[in-house]
Amino acid sequence: MEHRRRNSLRYPGHDYAQPGAVFVTVYTSGKQRLFGDIIDGRMVHSAAGNLVAERWTAIPNRFPVVNLDAFVVMPDHVHGILFTGANLDLMHQRITVGDVLRWFKTSTHTNFG
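So, how was this worked out
Positions within a chain are numbered from 1, following the residues in the order the chain's sequence is written. Two thresholds apply to this predicted model, a pLDDT of at least 70 for residue-level local features and 80 or more for giving and counting side-chain atom pairs, whereas whole-chain, interface and lining totals are computed over all residues. Processing note: side-chain calculations cover all non-hydrogen atoms of the structure and skip hydrogens and water entirely. Note on pairing: two strands pair once DSSP finds at least 2 bridges between them. Strands are runs of DSSP state E lasting at least two residues, helices are runs of H or I lasting at least four, and both sets are numbered from the N terminus onward. As a rule, the C-alpha atoms of each element are fitted with a line to give its axis, helices using only the stretch in contact, and angles between N-to-C directions run from 0 to 180 degrees. Contacts are assigned to residue pairs that have any heavy atoms within 4.5 Å of one another. Here the term buried applies to any residue with accessible area under 20% of the maximum for its type, exposed to any over 50%, and partly exposed to those in between, with areas from a 1.4 Å probe on protein chains only. Directions drawn from the helix axis to the C-beta atoms are what define this arc. Just to be clear on terms, a salt bridge is a Lys or Arg side-chain nitrogen sitting within 4 Å of an Asp or Glu carboxyl oxygen. Pairs of N or O atoms are called polar contacts if they sit within 3.5 Å, as long as, within protein, a hydrogen donor faces a hydrogen acceptor (for residues adjacent in sequence, only side-chain-to-side-chain pairs).

1. Re the sheet that holds strand 5 (residues 77-84)
Strands belonging to one sheet form pairs held by backbone hydrogen bonds; the direction of such a pair is parallel or antiparallel.
Now for step 1: Within the open sheet, the three strands sit side by side as 1-5-4. Their pairing is antiparallel. Strand pairing shows two members of the sheet lacking a second neighbour, strand 1 (20-27) and strand 4 (66-73), which therefore form its edges. Across this sheet, the average inter-strand angle for adjacent strands is 20 degrees, counted without regard to direction.
Now for step 2: In terms of strand pairing, strand 1 meets strand 5 through eight bridges, oriented antiparallel. Looking at strand 5, one finds that valine 24 is bridged to glycine 80.
Now for step 3: Packed onto the sheet, helix 1 (residues 47-57) meets strand 1, strand 4 and strand 5 and runs at close to 160 degrees relative to strand 4.
Now for step 4: Across the sheet, helix 3 (residues 97-107) is in contact with strand 1, strand 4 and strand 5; its angle to strand 1 comes to roughly 35 degrees.

2. Concerning helix 1
Now for step 1: Every buried residue belonging to helix 1 is among Ala48, Gly49, Val52, Ala53 and Trp56, and all of these are buried. Here the buried residues of helix 1 occupy an arc of 140 degrees about the axis, which is enough to place them on one side.
Now for step 2: At its buried positions, helix 1 is contacted by strand 1, strand 3 (42-45), helix 2 (59-62), strand 4, strand 5 and helix 3.

3. What to know about unusual backbone geometry
Now for step 1: The residue lysine 31 is not glycine, and still its phi comes out positive at about 50 degrees.
Now for step 2: Locating lysine 31 in the fold gives a position in the loop between strand 1 and strand 2 (36-39).
Now for step 3: The phi torsion at aspartate 40 lies on the positive side, around 50 degrees, for a residue other than glycine.
Now for step 4: By secondary structure assignment, the location of aspartate 40 is in the loop between strand 2 and strand 3.

4. Concerning the pattern of salt bridges
Now for step 1: Under the definition given, this model contains three salt bridges.
Now for step 2: Between aspartate 37 and arginine 33 there is a salt bridge whose closest N-O contact spans 3.8 Å.
Now for step 3: Between glutamate 54 and arginine 55 there is a salt bridge, with its nearest N and O atoms 2.8 Å apart.

5. Structural notes on the side chain of histidine 77
Now for step 1: Along the chain, histidine 77 turns up in strand 5.
Now for step 2: Of the polar contacts made by the side chain of histidine 77, one reaches the side chain of aspartate 76; its length is 2.6 Å.
Now for step 3: Among residues more than four places away in sequence, those in contact with histidine 77 are Thr25, Val26, Tyr27, Phe35 and Val72.

Below, the structure is given as structure tokens:
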């Protein structure tokens, strides 16, 4: 299997621990359709899709400086908007978007193939 090198979509020099909103997309390995299917125009989650949705909504519990906005679980990926710097009393904690996504992927690892 040939692996392509992914291009970084990060802005050079941007500090992803700074307060602000970030739109993220997380794909399954090999874009496997692990999270459910589209049936009659609606997303129907599998058990893995339910777990991913539950873990996504748990992000603020794990990282109190992060708030969530809209997110959607699709058959092979998740889209979501994260707001960093949500709790100014905790700004001494330098949590990056990378920290959040690492935790999210690790906590759902068995579902990403």
